[in-house]
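Inside the fold
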Amino acid sequence: VGRSSLGYTGVKILFDECLTKRASHCLIDAMKLCKPPMHAEFLEEHFLDPATQIGKSALDPDWAQVLANEGGWCVITCDYKRPKGEKARAKGPPLHLILPAKCITGFFMFGKIAQYSGFEKIRAVVYVFPRILEVLNSSRYKLGTRFQIRATAKGGYELTEWPLKG
């Protein structure tokens with residue numbers, strides 16, 4: 001994967017905790033089969049590294065800032081909703097607003113995908129992965145662009161841009 005307008009010299013993908021550790025590791029192993037192999041990590045393991053100076057219980061704004069400082073990351077997550085309740089709102093803004101502000105491209109699994117099994121989440125990512133690669137290497141999209149991964153009526157998945165309003 002060459003340098004694109006998104007600023008990637010290589011693709012670094014972070015799977016957040018919305019995917020299980022086991023599902024994330026299946027996808028991480030699959031990324032190693034790409035030509036060239038892609039770097040992918042599970043969020044909680046990335047932040048166990050002492051070099052990041054942040055624990056696995058870090059809030060979204062904190063870990064997103066670390067990724068922004070490291071550069072070249074995109075995130076695949078199910079965390080697309082606005083926080084509900086006082087406790088959830090105290091944790092900061094929603095991830096779908098944090099990532100664009102930090103110039104981190106985000107791929108958000110929408111709808112009921114968040115409730116699907118780990119296997120089905122893996123299938124969703126694999127299904128749209130050629131499109132994810134296309135996006136990451138396209139001159140059309142800037143760092144921080146958001147995308148939706150949605151289930152289709154025909155049993156597949158689609159990836160579409162999710163523009164910020166306003």
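Reading guide: rules and limits
Residues numbered from 1 in each chain as written. Predicted model: local features only at pLDDT ≥ 70, side-chain atom pairs only at ≥ 80, totals over all residues. Heavy atoms only, no water. Helix = DSSP H or I, 4+ residues; strand = E, 2+ residues; numbered from the N terminus. Buried < 20%, exposed > 50% of the residue type's maximum accessible area, 1.4 Å probe, protein only. Areas by Shrake-Rupley, 256 points an atom, 1.4 Å probe, with all protein chains shown as cover. Pairing = 2+ DSSP bridges. Right-handed = clockwise from strand over helix to strand, strands pointing away. Polar contact = N/O pair within 3.5 Å; in protein donor to acceptor, adjacent residues only side chain to side chain. Axes fitted to C-alpha atoms, helices over the stretch in contact; angles between N-to-C directions. Parallel < 35°, antiparallel > 145°, perpendicular 65-115°, else oblique. Left-handed = near helix turned anticlockwise from the far one by under 90°. Contact = heavy atoms within 4.5 Å. Nonpolar A, V, L, I, M, F, W, Y, C, P; charged D, E, K, R; others polar. pLDDT = per-residue confidence, 0-100.

**A look at the overall build of the chain**
Helix and strand content of the chain: six helices and six strands. The linear arrangement of helices and strands in the chain, starting from the amino end, is β-α-β-α-α-β-α-α-β-α-β-β. Relative to its 166 residues, the chain shows a buried fraction of 43%. When the accessible surface of the chain is summed, it comes to about 9000 Å², and 54% of that surface belongs to carbon and sulfur atoms.

**What to know about the pairing of strand 1 (residues 12–15)**
Here four bridges tie strand 1 to strand 2 (residues 39–42), and the two strands are oriented parallel to one another. Residue pairing in the sheet places Phe15 in a bridge with Phe42 of strand 2. The parallel pair strand 1 and strand 2 is bridged by helix 1 (residues 21–31), and the resulting crossover is right-handed.

**Remarks on the side chain of His96**
Within the secondary structure, His96 sits in helix 5 (residues 95–101). At a separation of 3.0 Å, a polar atom in the side chain of His96 contacts the side chain of Arg146.

**Points about the packing of helix 1 against helix 6 (residues 118–136)**
Their axes nearest at 9 Å, the elements helix 1 and helix 6 cross at an angle of 30 degrees. Between helix 1 and helix 6, the angle falls in the class roughly parallel. Crossing of helix 1 against helix 6: the hand is right-handed. Of helix 6, the residues touching helix 1 (which contributes Ala23, Cys26, Leu27 and Met31) are Gly118, Ile122, Val125, Val126 and Phe129. Residues belonging to the contact of helix 1 with helix 6 are distributed by class as follows: eight nonpolar, one polar and no charged.

**Description of the confidence of the model for the chain**
As a general rule, the predicted coordinates of low-pLDDT regions are not to be interpreted in detail. Of the residues in the chain, 84% reach a pLDDT of 70 or more, and the chain-wide mean stands at 84. Ranking the elements of the chain by mean pLDDT puts helix 4 (residues 86–90) last, at 61, and strand 6 (residues 157–161) first, at 97. Low confidence marks residues 1–9, where pLDDT is under 50. Its contacts with residues over four positions away, or in another chain, come to 28 contacts.

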